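Residue-level structure breakdown
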Amino acid sequence: MKRYTKALLLSIGLLLAAPMAQATQAKDIQSFTLDNGMKIMVLEDSSIPNANMYLFWKVGSRNEVPGITGISHFFEHMMFNGSKKYGPKMFDRTMEAAGGANNAYTTENLTVYTDWFPANALETIFDLEADRIENLDINEQMVESERGVVASERLTGLENSNWRVLQEELKGAAFRAHPYSWSVIGHESDIAAWTLEDLTEYHKTYYAPNNAVVVIAGDVKLAEVKQLADKYFAPIPAQAPPRAVKTVEPLQKGERRVFVQKASVSTPNVMLGYHIPATSNADYYALDLLSSILTTGNSSRMYQGLVDKQVAIQVDTYMPMSFDPNLFYVMGVANPGVTAPELEDAMISEINRVARDGVTVEELEKVKNIKLMGFYRAMETINGKANTIGTYELFFGSFDKLFNAPEAYNKVTPEDIQRVAQTYLKRANRTVAVLAATEEADQ
Amino acid sequence: MKTQIARLMQPKKLLTAMAVASSLALAGCAATQTSKTVDTGSFSVPAYQKVTLSNGLTVYMMPQHEVPLITVDAIVRAGAVNDTTAGVAEMTATGLMLGAGGKSKLEIEQEVDFLGASLSSGAGKEGSYISSDFMAKDADKMLPLIKDMLVSPDFDATEFDKLRQREIAGLSQAKESPRAVISRYFDKLVFAEHPYGNATSGNSESLAELTIPQLRAFHKSYYQPSNTAISVVGDFEPAQMKVKLEKLFLNWQDSEPVTLVDLSKDLPKFDEADVLLVDKPDAIETTFLIGGMGISRDNPDFVGLTVVNTVLGGRFTSWLNDELRVNAGLTYGARSGFSAYSAAGTFKISTFTQTVTTKETIDLALKTYARLWQQGLDQATLDSAKAYVKGQFPPKYETSGQLVGLMTDMYLYGFDDAFINEFQAKVDGLTLEESKRLIDTYFPKQNLQFVIIGNAAKIAPIAKEHGKVKQVSITEVGFGG
């Protein structure tokens, strides 16, 4: 299937350079839906004798409530701890003995399981996944040992990443109603408090086949995947759809601020968070390009305005894909001798310059080229392909949107970039978080 | 995340793991332990050419047409082991980006970014590199740029001062994260004054002393065609690429003999267990490494050791991760591994835990490590590790960037594609007897070396239990030498 892949990419490249007719290669991503509602997408690619299976479950920290924060992530851990046919430890032992490896991650929106294996282990992978989807054994002893692991994960994140420390505090201030308010790993006291009942209910509700999208890419054939999906996944019963997340974050009416003290921080770190719409909003593409204009590459606005001018030693932006309205993050680390207010002013000044003066046509063309290269790199591997297809399916409603994305990026004009900067990246919509060794004294 | 980017280590319930291992053996093949080979499909390295241009420059070319991209790495055989002032190799390499061929730093960056391309440079212990990827249609813009940086960098004074200042600030920032710097402390502890102990980054004092003439001298000494390889992987035609490179580098000639360092000389031997305790007073956990000397990259037992280490600490179900994380819940991850250079290397076990469980975790790590000799491997575990290593091998060489890296390593460490093409057969051929020989020969057993980063006021007594302790503050200049 290498031939297919190249054709797909070329067509996207051409679209970015100059819009053309819709690519016909969308049909090469083959998909089918089982009677129980599980959607499965297949991409045949024989470049290496391997394949992978990505299971995207529509559950993340946004589905939690106070008291059980972090349970989605904790559940991700529990999914490896034994089920009916493959008991404790046997999921990993069986997969590794067949040459496979796995991992998983949880976000605000999704829990994603990744299996990477020699293609001839495909049936073993189906068997393992089906067993834990349908028959997970949630027992007390496993829950207790896994609490220690998750507590350690939380701790090591806070020990080694200033970003984690700051983001946790910033989210808590930026959201006062929506579940994006807490970190994915959850509050420390909640980690200590989950009950078996919480976990059992969570599994039944969210790990239902109708709540999943599965992508299989690699040295496999569609017919083989269909046959195995019928055998292993089709018998798992559907469940009632999970409750909808109804909370809408109220409009922010003025700047909010938080400060975090950590003795070993050598220079201040500043993080800004601006409320923006969900990924499905039409402004997504302009915001994504704006993010690149600000911080991708050494010619970017904030590198030139802050790092090159020795105000910051590092700047970055981050815009997660998101089901509900979320945040556009801007983060900077101060150069020695630069105070937190000076760094903050410089960051905001670059953002305001876009809102006030706009961007050039050339700048916009540059970031479109950067997006295209990024896309090629992602599509160089079977993992990148699986992840990209699944991501578009979930955040844009259909993997077909992968084929519309180039046109959507292409349509963005300098005026759009200026408009989204003016609309969203403004003071009243901003939360500022500062991390430093000591807090500045009152005057 | 279920597992973590940098998993760290230590064991607890020995009996549980032993019971599981023996039940696996029984399930696998009744009472006998016959070896079982898992078929993971065949894999060999894609075809490539290695040629030497008329000026002595080595060129590797591997066409790959899956996406319309080209990846290029230039590698110069010179790194931190050649440092006269700490950090000069790294600053010379990073300094290549500061302007060349009549273009300023900013002009280069604007051009590269506009093409959507990437371009970076840096140094490791033994090599300095320029790394780039770009769309195939832009080869005639990017290749001359890479050549100018490699052959005739400007080392602009204003830009150098700014770079140096950023690097010094970056060193302090890195020390905020124990995980980011612990290996630098470990290499210094193990190799001491041997060149492999040099931190590539240098330190804040050495960087402050560096001058542009030192960078120019380093460049002149090592950046020469007979000491350099260029690897090209991607969407191109090799005959045309060779002509292109020949023409581009026509006027680049060797200027002086390259000074070689004999890295096999004066490698340290340990006559006691040493502990470097790095104090970070506000630490909320303890991060540590335990190990000693390892192997060189061309060691014929490299593949076999990869398999044995997989059992000890190279995968999720490894002994270390199973004991420390799964059974004991003491850590988010524990692992072990060999880092191999051209003439030597290190072996280390790594993990982290809450400050209050430091003692329990270090003890369990050591107890689990001792199983290598006390218990050894059983057939079912060895078979599983062999399947795992083989099955996870092809994705390591899937992208142009990975394949370029492979060829760069072949140049730097002196191995060839037999490493890839004979990999599966070597793994399949590993026996229990052979694994025992590997354990006895290569895994450090006596006089283990420890680096422990944490709150010294609370963990100093624990550090003392494991060897002769030297304590430093994490904010001190350098990495504990």
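Just so you know, these numbers come straight off a predicted model, no measurement behind them.

Residues and elements named next belong to chain B. What the domain assignment reports for chain B is domain 1 (4–42 + 270–473) and domain 2 (49–180 + 194–248). For domain 1 versus domain 2, the distance between C-alpha centres works out to 32 Å. Both faces considered, domain 1 and domain 2 share a buried interface measuring about 2000 Å² in area, 66% of it formed by carbon and sulfur atoms. The tally of links between domain 1 and domain 2 comes to 0 salt bridges. For the pair domain 1 and domain 2, the number of links is 6 residue pairs in polar contact (both at pLDDT 80 or more).

This part is about the pairing of strand β2 (residues 39–44) of chain A. All names here are of chain A. Most of β2 is tucked away, with 5 of its 6 residues classed as buried. With 4 bridges joining them, strand β1 (residues 30–33) and β2 adopt antiparallel strand pairing. When the sheet's bridge partners are listed, Thr33 is paired in β2 with Lys39. Linkage of β1 to β2, two consecutive antiparallel strands, is achieved through a turn of 5 residues, within which Gly37 is found at a positive phi near 95°.

Let's shift gears to the packing of aromatic side chains. Applying the stated criterion to the full structure yields 39 aromatic pairs over all chains. Aromatic side chains Phe347 of chain B and Phe443 of chain B sit 5.2 Å apart centroid to centroid with 75° between the ring planes, which places their arrangement in the edge-to-face category. Residue Phe347 of chain B is found in strand β12 (residues 345–354), and its partner Phe443 of chain B is found in the loop between α17 (432–442) and β13 (449–454); the two are separated by 96 residues along the sequence. Phe443 of chain B matches Phe347 of chain B in its accessibility class, with the two residues each being buried. Joined through ring pairs, the aromatic side chains of Trp57, Phe75, Phe80, Phe91, Tyr113, Tyr202, Tyr206 and Tyr207 of chain A make up one cluster. When the ring centre of Phe80 of chain A is taken as origin, the NZ or CZ atom of Arg132 of chain A, which lies over that ring, is 4.6 Å away.

All names here are of chain B. For the structure shown, the criterion picks out 47 salt bridges over all chains. With a shortest N-O distance of 3.9 Å, Glu159 and Lys162 are connected by a salt bridge. Here Glu159 and its partner Lys162 are both found in helix α5 (residues 157–174), 3 residues apart, which amounts to about one turn of the helix. Summarising the burial analysis for this pair, Glu159 and Lys162 share the class buried.

When the UniProt feature table is mapped onto this chain, "domain: Peptidase M16 C-terminal" (unreviewed entry) is found at residues 194–370 of chain A. Across residues 194–370 of chain A, the secondary structure splits into 40% helix and 21% strand, with the terminal C-alpha atoms separated by 44 Å.

Residues and elements named next belong to chain A. With respect to topology, 6 strands assemble into an open sheet ordered β1-β2-β6-β3-β5-β4, the strand pairing being mixed. Either end of the sheet is taken by a strand with one partner, and the two such strands are β1 and β4 (101–106). Sheet twist, expressed as the average angle between the axes of neighbouring strands with direction ignored, equals 15°. Pairing of strand β3 (residues 50–57) with strand β5 (residues 111–118), which is carried by 8 bridges, proceeds in the antiparallel orientation. Within β5, the residue paired with Trp57 across the bridge is Thr111. In the packing of helix α4 (residues 122–135) onto the sheet, the strands contacted are β3, β5 and β6 (212–218), and the crossing angle to β5 comes to about 155°. Sheet strands in contact with helix α14 (residues 382–395) are β2, β3, β4, β5 and β6, and its direction is about 25° off that of β3.

Within this numbering scheme, the UniProt entry marks residues 71–201 of chain B as carrying the feature "domain: Peptidase M16 N-terminal" (unreviewed entry). Between the end C-alpha atoms of residues 71–201 of chain B the distance is 25 Å, and the span holds 48% helix and 18% strand.

Of note, Asp266 of chain B is situated in the loop between α9 (238–248) and β9 (274–279). Sequence separation between Asp266 of chain B and Gly202 of chain B is 64 residues; the distance between their C-alpha atoms is 22 Å.

Taken together, the side chains of Glu342, Asp345, Glu439, Glu440 and Asp442 of chain A present a region of like negative charge at the surface. Residue placement: Glu440 of chain A occurs in the segment after β11 (430–436).

Attention now goes to helix α3 (residues 90–97) of chain A. Residues separated by three or four positions in an α-helix point in the same direction, a consequence of the helix having 3.6 residues per turn. Most of α3 of chain A sits out of view: 6 of its 8 residues are buried. Those residues of α3 of chain A that fall on the buried side of the exposure criterion are Phe91, Asp92, Arg93, Thr94, Met95 and Glu96 of chain A.

The subject of this paragraph is the interface of chain B and chain A. Of the residues lining the interface, 73 residues belong to chain B; the matching set on chain A comes to 80 residues. Here chain B and chain A share an interface that buries about 6400 Å² over both sides, 52% of which is from carbon and sulfur atoms. Here chain B is connected to chain A by 8 salt bridges. Across the pair Asp322 of chain B and Lys89 of chain A runs a salt bridge, and its minimum N-O distance is 3.0 Å.

When pLDDT is averaged across chain A, the result is 92; 94% of the residues are at 70 or more. When the criterion is pLDDT under 50, residues 1–24 of chain A qualifies, and its contacts beyond four places in sequence or with other chains add up to 53 contacts.

So, on to the environment of Asn321 of chain B. All names here are of chain B. Inspection of the secondary structure assignment puts Asn321 in helix α11 (residues 319–327). Taking C-alpha positions, Asn321 is 12 Å from Phe352, a pair spaced 31 residues apart along the chain. A polar side-chain atom of Asn321 sits 2.9 Å from the main-chain carbonyl oxygen of Phe316.

Residue and element names in this part refer to chain A. Partitioning chain A into structural domains gives domain 1 (26–233) and domain 2 (256–436). Distance between the C-alpha centres of domain 1 and domain 2: 28 Å. At the interface, 39 residues of domain 1 touch 39 residues of domain 2. In this assembly, domain 1 packs against domain 2 so that about 3500 Å² is buried in total across both faces, 70% of it on carbon and sulfur atoms.

Further remarks concern the side chain of Lys188 of chain B. Residue and element names in this part refer to chain B. Along the polypeptide, Lys188 turns up in helix α6 (residues 178–191). When its relative accessible area of 19% is taken as the criterion, Lys188 is described as buried. Setting aside anything within four residues of it in sequence, one finds Lys188 in contact with Glu193, Gly197, Phe479, Gly480 and Gly481.

Rules used in this analysis
Sequence order as written defines residue numbering, which begins from 1 separately in each chain. All chains are assigned letters beginning with A, and all ligands numbers beginning with 1, in the order in which they are written. Per-residue local features are limited, in this predicted model, to residues with pLDDT of at least 70; the limit for side-chain atom pairs, both in listing and counting, is 80 or more; totals at the level of whole chains, interfaces and linings are taken over all residues. Note: side-chain values were computed over all heavy atoms of the structure, leaving out hydrogens and water. Each domain's extent is set by a domain assignment, obtained either automatically or from a database. Put simply, buried area is how much 1.4 Å-probe accessible surface two parts lose in total, over both of them, once they are put together. When a carboxyl oxygen of Asp or Glu is within 4 Å of a side-chain nitrogen of Lys or Arg, the pair counts as a salt bridge. For the purposes of these results, a polar contact is taken to be a pair of N or O atoms within 3.5 Å, where, inside protein, one atom must be able to donate a hydrogen and its partner to accept one; residues adjacent in sequence count only when each atom of the pair is a side-chain atom. Any residue under 20% of the maximum accessible area for its type is buried, any over 50% is exposed, and the rest in between are partly exposed; the area is computed with a 1.4 Å probe on protein chains only. We count a stretch as a helix when DSSP gives it H or I for four or more residues in a row; a strand needs E for two or more, and each element gets its number in order from the N terminus. One bridge is not enough; two strands pair if DSSP finds at least two bridges between them. Pairing of aromatic side chains requires ring centres within 6.5 Å, counting the rings of Phe and Tyr and the six-membered ring of Trp. Pairs whose planes differ by under 30 degrees are stacked, by over 60 edge-to-face, and all others tilted. Geometrically, a lysine NZ or arginine CZ counts as sitting over a ring once it is within 6 Å of the ring centre and also within 35 degrees of the ring normal. UniProt positions are given in the numbering used here, feature names are shortened, and annotations may be inferred rather than shown by experiment. Every axis in this analysis is a line fitted to C-alpha atoms, fitted for helices over the stretch in contact. Angles between the N-to-C directions lie between 0 and 180 degrees. Any two residues whose heavy atoms approach within 4.5 Å are treated as being in contact. Candidate patch residues must exceed 30% relative accessible area and have no salt bridge, after which like charges are joined if within 9 Å and Val, Leu, Ile, Met, Phe, Trp or Tyr side chains if within 5 Å. In short, Shrake-Rupley with a 1.4 Å probe defines the accessible areas, and a residue's cover is counted only from the protein chains shown. Only four residue types enter the charge count: Lys and Arg as positive, Asp and Glu as negative, with His and the chain ends excluded. Taken as the charge centre is NZ of Lys, CZ of Arg, CG of Asp or CD of Glu, depending on the residue. Across the chain, each position has a pLDDT score giving the predictor's confidence in that residue, from 0 to 100.

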